[in-house]
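Single-letter residue listing:
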Amino acid sequence: MSLNPFVEFIKAFQFPYKNRELISRYQLRKLQEIVHHAYENVPFYRQKYHGIDLTMSSLEDIQKLPVVTSRELRKCRIEELTSEKANPQQLLEMASAGTSGSPLRVKISKKENTLRQLNLLRFMLGYGWVPWWKVVYLTREIPHEKYSFFQKLINKKKFDVDIHQPIEKQVRQIKKIKPQLLNGMPTGIEQIADWLIDHEEHLPGLRLLNTGGEVKKEHHVEKFNKAFGMPGLQRYGAWELGIMGYSCTHCHELCINERAFLAEVVDDSYISVKNGEQGKVLFTALNQYTTPLIRYETGDLITLSGSQDHCKTTYLHFKSIDGRDVDVLPLKDGRKLHAQNLLHAALNINGLKKIQLLLKKDGSLLVKYIVDNAISDETVRQEVIEVMHLEELDVNFERCSEIPNEPSGKYKFLKME
Ligand SMILES: [Zn+2]
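All of these numbers come straight from a predicted model, not from anything done at the bench.

Rules used throughout
- Residues numbered from 1 in each chain as written.
- Predicted model: local features only at pLDDT ≥ 70, side-chain atom pairs only at ≥ 80, totals over all residues.
- Helix = DSSP H or I, 4+ residues; strand = E, 2+ residues; numbered from the N terminus.
- Buried ≥ 20, exposed ≤ 12 C-beta atoms within 10 Å, placed from the backbone.
- Contact = placed C-beta atoms within 7 Å.
- Expected span 1.5 Å × (residues − 1).
- Core = buried A, V, L, I, M, F, W, Y, C linked by C-beta atoms within 7 Å.
- Pairing = 2+ DSSP bridges.
- Right-handed = clockwise from strand over helix to strand, strands pointing away.
- Axes fitted to C-alpha atoms, helices over the stretch in contact; angles between N-to-C directions.
- Parallel < 35°, antiparallel > 145°, perpendicular 65-115°, else oblique.
- Nonpolar A, V, L, I, M, F, W, Y, C, P; charged D, E, K, R; others polar.
- Left-handed = near helix turned anticlockwise from the far one by under 90°.
- pLDDT = per-residue confidence, 0-100.

Caption draft 1: The arrangement of the overall build of the protein in detail. Along its length, the protein carries twelve helices and 20 strands. Across the 417 residues in the protein, those meeting the buried criterion constitute 34%. Here the contacts in the protein between residues at least 6 apart in sequence split such that 62% fall between residues at least 24 apart.

What follows is the structure, encoded as structure tokens:
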């Protein structure tokens with residue numbers, strides 16, 4: 001059970017090319033290990049799995065285990081989530097940025113953290129990154145976190161460009177730096193792309209475009225191709241899990257890191273969906289022993305790739321991430337709310353089954369929702385306003401029995417009239 005991040009780093013390079021049987025065998029062994037470890041050493045799981053048959057004789061047996069949500073983790077004390085076997089001297093504490101209520105706090109070991117950084121390094125190396133590249137981050141705030149050795153390595157020549165500035169100023173700054181790598185959220189990079197296209201300018205020397213934090217959509221890819229001559233990479237991660245997936249270097253769909261994660265894509269009744277279908281994703285972190293996350297529901301809706309054998313790698317592929325549909329909601333009072341934060345906040349509302357925000361032309365907001373019958377409209381409405389910080393707005397509510405998906409079949413959390 002001891003984790004050697006460097007051995008793991010090396011082994012992970014070839015793993016995507018192994019046959020499925022070998023990958024499944026590896027995952028089953030890791031699953032058995034992590035489930036028993038969690039039950040024996042983590043108070044939260046000891047209680048949660050009480051009375052459940054934990055024999056995992058095949059990967060399907062994972063369905064015997066209950067799903068874990070961030071809502072229930074938030075209610076626990078950090079000690080209940082942390083392995084009793086972990087050495088307190090070797091732990092780092094992490095917390096969600098938290099737009100509402102109590103943030104989620106988890107601990108990871110220094111070794112686990114190193115492995116996360118090495119995963120990032122492997123991903124960057126796969127895309128041709130080299131340490132002497134100049135890197136620009138389009139950011140909303142200057143990050144205050146302490147960088148690890150590997151982050152420092154990747155960010156050795158790192159420059160921050162503040163996205164609150166006028167676009168032209170941002171472009172001038174980027175052109176002066178001449179980065180090989182440009183990082184940012186798709187909506188931030190989109191503004192730069194629009195400006196470049198309108199002014200027929202380019203970013204000479206740019207080799208790689210990396211996006212994260214939001215869902216990259218087809219219109220982004222079109223604009224990025226036009227403005228930068230490349231579609232841009234996507235990294236799919238969550239701070240409590242690490243990097244779960246990345247743009248595949250062979251087929252450009254989202255490739256799930258199955259060495260570190262067992263992913264399940266299920267419908268509302270937690271039954272696995274088929275290739276090409278949409279569902280919610282559950283992740284089991286196979287290398288996270290300090291705070292095990294088993295069948296952890298991230299809140300993301302994804303669409304599975306139409307075929308899982310189109311690629312040189314044998315890893316699971318997602319066609320798209322749909323649910324973390326991160327449009328920005330521009331409010332009358334000048335604030336911009338990120339749908340991702342709103343959706344995550346909404347997941348904490350008791351009994352809420354589905355929700356959709358519609359921004360009307362007059363600037364008011366219509367909130368459509370489906371809840372358990374037992375819960376009163378008053379309670380839901382108060383909670384929505386509170387967790388989403390909508391106090392200052394003109395909000396109307398509509399309780400629905402159904403919120404239809406888009407014609408494409410995708411659920412859209414945020415819509416504009
Ligand atoms: Zn692929």
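Caption draft 2: Focus on the environment of Lys-134. When you line up the elements, Lys-134 lands in the loop between α6 (110–126) and β4 (135–139). Sequence-wise, Lys-134 and Ile-177 are 43 residues apart; in three dimensions their C-alpha atoms are separated by 7.7 Å. When residues no more than four places from it in sequence are discounted, the contact partners of Lys-134 are Lys-157, Phe-159, Ile-177, Lys-178, Pro-179 and Gln-180.

Caption draft 3: Broad picture of helix α9 (residues 186–198). Between the first and last C-alpha of α9 there are 18 Å, a value that for 13 residues agrees with the 18 Å anticipated at 1.5 Å per step. Those residues of α9 not exposed but buried are Pro-186, Thr-187, Gly-188, Ile-189, Glu-190, Ile-192, Ala-193 and Leu-196. One or two steps after α9, the chain reaches Glu-200, where phi turns positive at roughly 50 degrees.

Caption draft 4: How the structure looks around the nonpolar core. Ranked by internal contacts, the top residues of the largest apolar core, which has 61 residues, are Phe-261, Phe-283 and Ile-294. Dropping the residues within four chain positions of it, Ile-294 is found in contact with Ile-34, Val-35, Ala-38, Leu-65, Val-68 and Thr-284. Listed in part, the 16 residues of the second largest apolar core include Ile-349, Leu-365, Phe-413 and Leu-414.

Caption draft 5: Representation of unusual backbone geometry. The backbone phi angle of Glu-200 is positive, close to 50 degrees, even though this residue is not glycine. By C-beta crowding, Glu-200 is classed as exposed, having 6 other C-beta atoms within 10 Å. Not every positive phi belongs to a glycine, and Tyr-270 is a case in point at roughly 65 degrees. Within the element layout of this structure, Tyr-270 appears in the loop between β11 (261–266) and β12 (278–285). Judged by C-beta crowding, with 15 C-beta atoms within 10 Å, Tyr-270 ranks as partly exposed.

Caption draft 6: How the structure looks around the pairing of strand β19 (residues 395–399). Here strand β18 (residues 365–371) runs beside β19; their pairing, made up of five bridges, is parallel. The partner of Val-367 across the bridge, within β19, is Phe-397. Viewed along the sheet, the connection from β18 through helix α12 (residues 377–388) into β19 turns out right-handed.

Caption draft 7: Broad picture of the sheet that holds β18. Pairing is mixed across the open sheet formed by four strands, whose spatial order is β19-β18-β17-β20. The two strands at the open ends of the sheet, each matched to only one other strand, are β19 and β20 (414–416). Pairwise comparison of adjacent strand axes, ignoring direction, gives a mean angle of 20 degrees for this sheet.

Caption draft 8: Region of interest: the packing of helix α8 (residues 167–177) against α9. The interhelical angle for the contact between α8 and α9, taken along N-to-C directions, is 85 degrees, at an axis separation of 10 Å. By the criterion of interaxial angle, the relationship of α8 to α9 is roughly perpendicular. Taken together, the residues of α9 that come into contact with α8 (itself represented by Ile-167, Glu-168, Gln-170 and Val-171) are Gln-191, Ile-192, Trp-195 and Leu-196. Grouping the amino acids of the contact of α8 with α9 by side-chain chemistry returns five nonpolar, two polar and one charged.

Caption draft 9: Geometry of the packing of α9 against helix α10 (residues 218–228). Where α9 contacts α10, the axes come no closer than 9 Å and their chain directions differ by 45 degrees. With respect to their mutual orientation, α9 and α10 come out oblique. Once α9 is placed against α10, the crossing between them reads as left-handed. Of the residues in α10, those in contact with Pro-186, Ile-189, Glu-190, Ala-193, Asp-194, Leu-196 and Ile-197 of α9 are His-220, Lys-223, Phe-224, Lys-226, Ala-227 and Phe-228. Here the contact of α9 with α10 is composed, by residue class, of eight nonpolar, one polar and four charged.

Caption draft 10: The arrangement of the confidence of the model for the protein in detail. With 88% of its residues at a pLDDT of 70 or more, the protein has an overall mean of 86. Of all secondary-structure elements in the protein, the lowest mean pLDDT belongs to strand β15 (residues 328–330), at 63, while helix α3 (residues 43–48) reaches the highest, 98.

Caption draft 11: Region of interest: the environment of Arg-381. Note on placement: Arg-381 falls in helix α12. In sequence terms Arg-381 and Val-367 are 14 residues apart; their C-alpha atoms lie 8.9 Å from each other.

Caption draft 12: Helix α2 (residues 20–41), seen in detail. Helix length check: α2 (22 residues) gives 31 Å between terminal C-alpha atoms against 32 Å at 1.5 Å per residue, within 8%. Buried residues along α2 sit in contact with α3, β11 and β12.

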